[in-house]
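Reading the structure
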Amino acid sequence: MKRKAHFQRTLATQASYEKYGRKSRRELFLDEMEQVVPWAKLEALVEPHYPKAGNGRRPVGLSVMLHTYFVQQWFNLSELGVEEALYESSALRRFVGVDLGSAPAPDETTILRFRHLLERFNIGPELLETVNLHLDMTCRRTKFKNYIDELQKKKNRSKSRVRAKVEHPFRILKRVFGFDKARYRGLKKNHHRLS
């Protein structure tokens, strides 16, 4: 599902005049995650707890913050690291939905407050559960004694096709970015880092 852009493209988001180029592994990974993760469902989980515009500082869009949070988790970045990465990488800005021509990237304080919001309302496990339910691809048995369930066989085949698309990005995360072995101190932190 493609997100609709709520802003007019400025020169900051448009491609430069370079003649040659190709997508990096990071860009390919982010493209796949944009397709695979159920963003609308995740936004619906966070939206009741997300601050509304009032007298204080205007909150950054929920979609931007949710994408920023996932980038932070996937690439194991600190709040400051995410802020700097958004200014340095046009691929990350496109994925998150930040247009530097019209608004700045979320700063480290905003990113930290969003993470604390998720921890305070214990939304992290719900986000993980929603993604897992969306990607539940367990195949069922098609042959029992002499009976073969053709309908279930078709379902299993379609699930296998989707699973193949999903497993590739996780291979990249584990092998290319070095997250094949990751440990965190404390059960609470470990739980929130993996959700």
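Reference entry: report on the structure contained in this document. (Residues numbered from 1 in each chain as written. Predicted model: local features only at pLDDT ≥ 70, side-chain atom pairs only at ≥ 80, totals over all residues. Heavy atoms only, no water.)

Turning our attention to the packing of helix H2 (residues 39-46) against helix H7 (residues 124-134). Direction vectors running N to C along H2 and H7 enclose 155°, while the axes themselves pass 10 Å from each other. With respect to each other, H2 and H7 are oriented roughly antiparallel. The chirality of how H2 crosses H7 is right-handed. Here Lys-41, Leu-42, Leu-45 and Val-46 of H2 lie close against H7, whose contacting residues are Glu-126, Leu-127, Thr-130, Val-131 and His-134. Considered class by class, the residues forming the contact of H2 with H7 number five nonpolar, two polar and two charged. (Axes fitted to C-alpha atoms, helices over the stretch in contact; angles between N-to-C directions. Helix = DSSP H or I, 4+ residues; strand = E, 2+ residues; numbered from the N terminus. Parallel < 35°, antiparallel > 145°, perpendicular 65-115°, else oblique. Left-handed = near helix turned anticlockwise from the far one by under 90°. Contact = heavy atoms within 4.5 Å. Nonpolar A, V, L, I, M, F, W, Y, C, P; charged D, E, K, R; others polar.)

Okay, helix H4 (residues 79-88) next. Each α-helix winds once per 3.6 residues, and so residues spaced three or four apart point in a common direction. Buried within H4 we find Glu-79, Gly-81, Val-82, Glu-83, Ala-85 and Leu-86. In this fold, the buried residues of H4 make contact with helix H3 (62-74), helix H5 (90-96) and helix H6 (108-120). (Buried < 20%, exposed > 50% of the residue type's maximum accessible area, 1.4 Å probe, protein only.)

Attention now moves to a positive patch on the surface. Together, Lys-153, Lys-154, Arg-157 and Arg-161 line one region of the surface with positive charge. For Lys-154, the location among the structural elements is in helix H8 (residues 150-176). (Patch = residues over 30% accessible without salt bridge, like charges linked within 9 Å, V, L, I, M, F, W, Y side chains within 5 Å. Areas by Shrake-Rupley, 256 points an atom, 1.4 Å probe, with all protein chains shown as cover. Salt bridge = Lys/Arg side-chain N within 4 Å of Asp/Glu carboxyl O. Lys, Arg positive; Asp, Glu negative; His and termini not counted. Charge placed at Lys NZ, Arg CZ, Asp CG, Glu CD.)

This part takes up the pattern of salt bridges. Taken as a whole, this structure holds five salt bridges when the rule is applied. Of the charged contacts in the structure, one is a salt bridge between Arg-94 and Glu-27, with a shortest N-O distance of 2.7 Å. Of the two residues, Arg-94 is situated in helix H5 and Glu-27 in helix H1 (residues 25-36); the sequence distance between them amounts to 67 residues. For Glu-27, a relative accessible area of 17% puts it in the buried group. As a salt-bridge pair, Glu-119 and Arg-115 come within 2.9 Å of each other at their nearest N and O atoms. A residue pair is termed a helical-turn pair when its members lie 3 or 4 positions apart in one helix, as Glu-119 and Arg-115 do in helix H6 at four residues. Overall, Glu-119 belongs to the partly exposed group, its relative accessible area being 25%. Here the salt bridges share partners, and the residues they tie into one network are Glu-79, Arg-115 and Glu-119.

Don't take any of this as a statement about function, it's just geometry.
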